[in-house]
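Listed below, chain by chain, are the residues.
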Amino acid sequence: MVVITPEIQKMFQNVKTFPLATSSKDGIPNVAPMGAVHLQDNKVWIMNNFMNKTAANLRENPNAAIYVHDPESKMCVQLKGTVTIHSSGPEYDALKAKLDAMKPGLPAKELVIVDVTEVFECMPGPKAGQKIL
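Description of the structure in this document. All values derive from a computational prediction rather than experimental measurement.

Scanning the protein chain from N- to C-terminus turns up 3 helices and 7 strands. Beginning at the N terminus, the succession of helices and strands in the protein chain can be written as α-β-β-β-β-α-β-β-α-β. Taken over C-alpha atoms, the radius of gyration comes to 14 Å for the protein chain, in line with the 14 Å a tight globule of 133 residues would show. Oriented by its inertia axes, the alpha-carbon framework of the protein chain measures out at about 45 × 35 × 25 Å. Taking all 133 residues of the protein chain together, 40% fall into the buried category. Taking contacts inside the protein chain between residues at least 6 apart in sequence as the whole, the part at least 24 apart equals 64%. When the accessible area of the protein chain is evaluated, it comes to approximately 7,400 Å², of which 55% is carbon and sulfur surface. Computed over 14 positive and 13 negative side-chain charges, the separation of the two mean positions in the protein chain equals 4 Å.

Here it is as structure tokens:
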């Protein structure tokens, strides 16, 4: 398990939309913007409100990558990991309650939890693409 650094945790607070990359079992890629994203216990929690291809891909292939670009710090990282999907349970209930308080009426179909296994540098330059965690 990767321990997310305080610097990356702060980046999450400044970002509103997170591109999530998935792939079908046949390797067909898909990238979709995610808004209901939260960092929780070194994992990324994403509520499936409107996922179509993304949810289908995650059922076929549990590998995913999340791009985090913080305009305030002008830093970016890519988090890679494996996904589990929950349609009930304490984690699902916790995020649903949080989202209901912020924006009632979202469908909250499922909770996607990304267990982060690697973090990579995304800034241009000599360290671009290097594994940092």
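There is more to say, and it comes next.
Scanning the model with the defined rule gives 4 salt bridges in all. Taking the shortest distance from any N to any O, the salt bridge between Lys10 and Glu72 comes out at 3.5 Å. Of this pair, Lys10 sits in helix H1 (residues 6-14) while Glu72 sits in the loop between strand S5 (63-70) and strand S6 (75-86), placing them 62 residues apart in sequence. By relative accessible area, which is 46% here, Lys10 ends up partly exposed. Judged by its relative accessible area of 57%, Glu72 falls in the exposed class.

Read from one edge of the open sheet, 7 strands run S2-S1-S5-S6-S7-S4-S3, paired in antiparallel fashion. Only two strands of the sheet have a single partner each, and these edge strands are strand S2 (29-34) and strand S3 (37-40). Averaged over all neighbouring strand pairs, the angle between strand axes comes to 30°, with direction disregarded. Taken together, the 6 bridges between strand S4 (residues 43-48) and strand S7 (residues 110-121) define a ladder with antiparallel strand orientation. When the sheet's bridge partners are listed, Asn48 is paired in S7 with Glu110. Contacts from H1 reach strand S1 (18-23), S3, S4, S5, S6 and S7 within the one sheet, and its direction differs from that of S6 by about 80°. Where helix H3 (residues 90-102) meets the sheet, its contacts fall on S3, S4, S6 and S7, and the angle it forms with S4 comes to roughly 65°.

Attention shifts here to unusual backbone geometry. Within the chain, Asp41 stands out as a residue other than glycine whose phi angle is a positive 55°. Along the chain, the position of Asp41 falls in the loop between S3 and S4. When its relative accessible area of 60% is taken as the criterion, Asp41 is described as exposed. The phi dihedral of Lys74 is positive, around 60°, even though this residue is not glycine. When you line up the elements, Lys74 lands in the loop between S5 and S6.

Bringing the environment of Pro71 into the picture now. With respect to the helices and strands, the residue Pro71 is situated in the loop between S5 and S6. In the structure, Pro71 is positioned 60 residues away from Met11 in sequence and 8.7 Å away in space, judged by C-alpha atoms.

Here is what the cut-offs are and how they apply
- Residues numbered from 1 in each chain as written.
- Predicted model: local features only at pLDDT ≥ 70, side-chain atom pairs only at ≥ 80, totals over all residues.
- Heavy atoms only, no water.
- Helix = DSSP H or I, 4+ residues; strand = E, 2+ residues; numbered from the N terminus.
- Rg over C-alpha atoms; globule rule 2.2 N^0.38 Å.
- Buried < 20%, exposed > 50% of the residue type's maximum accessible area, 1.4 Å probe, protein only.
- Contact = heavy atoms within 4.5 Å.
- Areas by Shrake-Rupley, 256 points an atom, 1.4 Å probe, with all protein chains shown as cover.
- Lys, Arg positive; Asp, Glu negative; His and termini not counted.
- Charge placed at Lys NZ, Arg CZ, Asp CG, Glu CD.
- Salt bridge = Lys/Arg side-chain N within 4 Å of Asp/Glu carboxyl O.
- Pairing = 2+ DSSP bridges.
- Axes fitted to C-alpha atoms, helices over the stretch in contact; angles between N-to-C directions.

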